[in-house]
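A closer look at the structure
So you can see what is in the structure, the chains are spelled out below.
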2 protein chains.
Amino acid sequence: MADLPKGNAVIGQSGGPTAVINQSLVGVIESIKPGGPIQRLMGAVHGVRGIKEGQFIDLLGRCPDQLERIATTPCAALGSTRDKPDADYCKALFEVFKKNDVRYFFYIGGNDSADTARIVYEMGCEANYPLRVFHIPKTIDNDLRLTDHCPGYGSAARFVASAIRGDDRDNASLPGVKIDIIMGRHAGWLTAASVLGRMDDSCGPHLVYVPEAPVSREKFVDDVAAAYAKHGRCLVAMSEGVEDIDGKSWGEKIVESAERDSHGNVQLSGSGALGDFFAEVVKKDVAAKLGGKKLRVRADTFGYLQRSFAGYASPVDQAEARMAGQKAVEYVLAGHESGTVAFKRVGEGKNYAVECFRGELRDVARETKDLPKDWINKTGNGITQAFIDYALPLIGDLPKLGHFWEK
Amino acid sequence: MADLPKGNAVIGQSGGPTAVINQSLVGVIESIKPGGPIQRLMGAVHGVRGIKEGQFIDLLGRCPDQLERIATTPCAALGSTRDKPDADYCKALFEVFKKNDVRYFFYIGGNDSADTARIVYEMGCEANYPLRVFHIPKTIDNDLRLTDHCPGYGSAARFVASAIRGDDRDNASLPGVKIDIIMGRHAGWLTAASVLGRMDDSCGPHLVYVPEAPVSREKFVDDVAAAYAKHGRCLVAMSEGVEDIDGKSWGEKIVESAERDSHGNVQLSGSGALGDFFAEVVKKDVAAKLGGKKLRVRADTFGYLQRSFAGYASPVDQAEARMAGQKAVEYVLAGHESGTVAFKRVGEGKNYAVECFRGELRDVARETKDLPKDWINKTGNGITQAFIDYALPLIGDLPKLGHFWEK
């Protein structure tokens, strides 16, 4: 074991929760053993806000059963925060760290949290108060750089794939046009996961729209009309961040139009406005294009269930998120002063496997990673096999459904 | 075995799908053995519409593996319909029955389908073409009379309870006001199931609104403000059919107001409009009541996932729906000419068990069953223990989650 400062550690959770963010938390807790350099592990209540306000829970010495229950509990057991600290805020954190003899800081979060971790680490160096800082990745958006994929994504993708697989059967039962709005403001990773639910070519999603491939109202209408003509129904998976061809998101446009009509603020996330808007477009434009056909049109916004649904996490994602927490402690105990935990894929398909490696905070902070352009089909309304090969091992087994037309 | 007419049977599925409607279908299929009075079992594609149009699938002689996959597939494997036949339509059905030597008709559906079955049965008697007609209950709404509960309800209730259990953790992670809109236009059974997800008194849902207990805007605002003041957050479960105190549903009011503003038709089911409306009410009125506090407010509409989500059905509900299909055939083979399958509860709590009995079609047709008034708390914003005792055995085990504040 490296020669490490004796002292306390703080751990916090940040940003939008996932179904496995507590696996990483428990991975850290269970890896800190008595007799090592870390004396206390202090859980910050609501992330950096809890640190600033001195609100901590002691995390060591917990009963393994309780930890296991917490590990399988979705969302941040310590509470989360949307606070993005500026320099003054960071200085305040630092004062609390000093006062509590904190020498180690683990932060579970996305790219913003990695940036916070980076800033705190650098301030420690400058202040000659060496603080060892590790970031543990989590996001259902799967948009962090460096790592093959992000803890939290597999479970959200599993939820979306199962929801789509079932909703496609609903759409086949009572045929019409169904629009499902899926989380992802800037990247289409989670919406792309809708295709993992597709059983065969007759099944939906028949159209998939992601932020990386803008779509005009006209093209959307043409696409839906063509799919409906072919299948007698149409299931659409659409990212909440999908853009018009002028580069502005459809969500923003709807908000602006609502404001022009003086209907007050429309909150897009946690709202059905985008789905309702495109449902109206189908009722008007697609129905007209199909010769005035009366269409059954519905929209659902999957919303927070994608990240919080209890009891349906991906077993692969659970195990990897746990490992990410364990590895953060391992890297610290090996003497590393800062970093992030990242996954490298070392086996494909049925031999799928990952190894962890330590990355630099600056390489995961701030910037995000889009869905590769060549994983979107040429017509900008579907997802290719390359994505399926990438994502299928992350979500665990899906329920196998049956048709009467199968052999 | 009773002296039964030799001939063919038709089976159809009707109305909004459930996660277990195919269990009942497979229960019928597997109970019809070669050498009995039923020669062919013809699956009507999209219910009565398929009968009228002569669209059938042969269902006997299928491989058991395929049937098992279909049984666990959500939504109507034969296709469903919203058609509610009038006298002429029924006459047309009858012609097809005669032409195909159909002597038995099984119809899986809700109260409207039971009424269709009743009409068809009576027409057969009058026309001196005896047709044996059985209704097999299904609805996520749980609002059929006669039976203790309806196949399909347990799985939808399981989905809602798990969604709420997880979403409550989300709301605890990032505190604010969250409104979840749950299916149920006329009865609050499914919304009431939200309380099955509650782990302890600190957990949501903190408020539950069902159609049986109208709520004014003022009372809603007072309730949310009080819950927020107590818990520092508030999770609301609300039926899509919740009413204002003048007896008009809030959904209708929003549609009317949207039409007045010439925003065209607002579709309430498969739309986020109701949740978005109450989210705005919270942002304005509750925030003001709490002294201008800036509140994080979100709304989700659980939508079609409640009835169609793949891979999360209640095992109890699956087994009971299967049994309902089997019993329908049993009653027919025992010589009964018509009826519905109903459940009687013969054990409570851990000793929960049901027995089936045959009911009359007229006793389940048309009318529906509300949530008992005394299962709603006195303040009209919560659900009592009596409901929990009733519903908990129907949904299977829920995931056990953990807190840091537990012993």
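Refer to the preceding data block for the structure.
Just so you know, these numbers come straight off a predicted model, no measurement behind them.

Our next topic: the overall build of chain A. Along the backbone of chain A there are 13 helices and 11 strands. Its C-alpha atoms give chain A a radius of gyration of 23 Å, near enough to 22 Å, the size a compact globule of 407 residues would have. Projected onto the principal axes, the alpha-carbon positions of chain A cover approximately 75 × 55 × 35 Å. Counting only residues that meet the buried cut, chain A has 63% of its 407 residues in that class. On chain A, roughly 15,000 Å² of surface is accessible, and the fraction owed to carbon and sulfur atoms is 49%. Side-chain charges of chain A comprise 51 positive and 54 negative groups, with the mean position of each set lying 2 Å from the other.

The operation relating the pair of chain copies consists of a rotation about an axis and a translation along that axis. Superposition of chain A onto chain B requires a rotation of 180° combined with a translation of 0.0 Å along the rotation axis, giving an RMSD of 0.0 Å. What the superposition gives is, in effect, a two-fold axis relating one chain to the other. Considering only C-alpha atoms, the part of chain A nearest the rotation axis is Gly272(A), at 2.0 Å. A symmetric contact is evident, with 99% of the interface residues of chain A recurring at the interface of chain B.

What follows concerns the side chain of Glu320(B). All names here are of chain B. Looking at the secondary structure, you find Glu 320 in helix α12 (residues 315-333). Buried within the structure, Glu 320 lacks any salt-bridge partner; Arg 345 is the closest side chain of opposite charge, at an N-O distance of 7.6 Å. Not counting residues up to four positions away in its chain, the partners in contact with Glu 320 are His 149, Phe 343, Tyr 352 and Val 354.

So, on to the nonpolar core. Counting 142 residues, the largest nonpolar core has Phe106(A), Phe387(A), Phe106(B) and Phe387(B) as the members making the most contacts within it. What Phe387(B) contacts, discounting residues up to four positions off in sequence, is Tyr153(B), Trp189(B), Ala192(B), Ala193(B), Val195(B), Leu196(B), Leu371(B) and Trp375(B).

Residue and element names in this part refer to chain B. The full count for this structure, using the stated rule, is 52 salt bridges over all chains. Across the pair Lys 178 and Asp 300 runs a salt bridge, and its minimum N-O distance is 2.8 Å. One end of the pair, Lys 178, is in strand β6 (residues 177-182); the other, Asp 300, is in strand β9 (residues 297-301), with 122 residues separating them in the sequence. There is no split in this pair, since Lys 178 and Asp 300 are both buried. A salt bridge links Glu 330 to Lys 327; the shortest N-O distance between them is 3.4 Å. In this pair, Glu 330 and Lys 327 both sit in helix α12, three residues apart, roughly one turn of the helix. You can call Glu 330 partly exposed: its relative accessible area is 42%. The exposure class assigned to Lys 327 is partly exposed, which follows from its relative accessible area of 21%.

Before going further, it helps to spend a moment on unusual backbone geometry. Cis geometry marks the peptide bond from Gly204(A) to Pro205(A); its omega dihedral reads 10°. Among the secondary structure elements, Pro205(A) is positioned in the loop between α7 (189-192) and β7 (207-209). We note that Asp101(B) has phi near 55°; this positive angle belongs to a residue other than glycine. Of the residues examined, Asp101(B) reaches a relative accessible area of 32% and is grouped as partly exposed. The residue Asn142(B) is not glycine, and still its phi comes out positive at about 60°. Relative to the elements of secondary structure, Asn142(B) occurs in the loop between β5 (132-137) and α6 (153-173). Taking the relative accessible area as the measure of exposure, Asn142(B) reaches 1% and is therefore buried.

Basis of the calculations
- Residues numbered from 1 in each chain as written.
- Chains lettered and ligands numbered in written order.
- Predicted model: local features only at pLDDT ≥ 70, side-chain atom pairs only at ≥ 80, totals over all residues.
- Heavy atoms only, no water.
- Helix = DSSP H or I, 4+ residues; strand = E, 2+ residues; numbered from the N terminus.
- Rg over C-alpha atoms; globule rule 2.2 N^0.38 Å.
- Buried < 20%, exposed > 50% of the residue type's maximum accessible area, 1.4 Å probe, protein only.
- Areas by Shrake-Rupley, 256 points an atom, 1.4 Å probe, with all protein chains shown as cover.
- Lys, Arg positive; Asp, Glu negative; His and termini not counted.
- Charge placed at Lys NZ, Arg CZ, Asp CG, Glu CD.
- Least-squares fit on C-alpha atoms with pLDDT ≥ 70 in both.
- Contact = heavy atoms within 4.5 Å.
- Salt bridge = Lys/Arg side-chain N within 4 Å of Asp/Glu carboxyl O.
- Core = buried A, V, L, I, M, F, W, Y, C linked by side-chain atoms within 4.5 Å.

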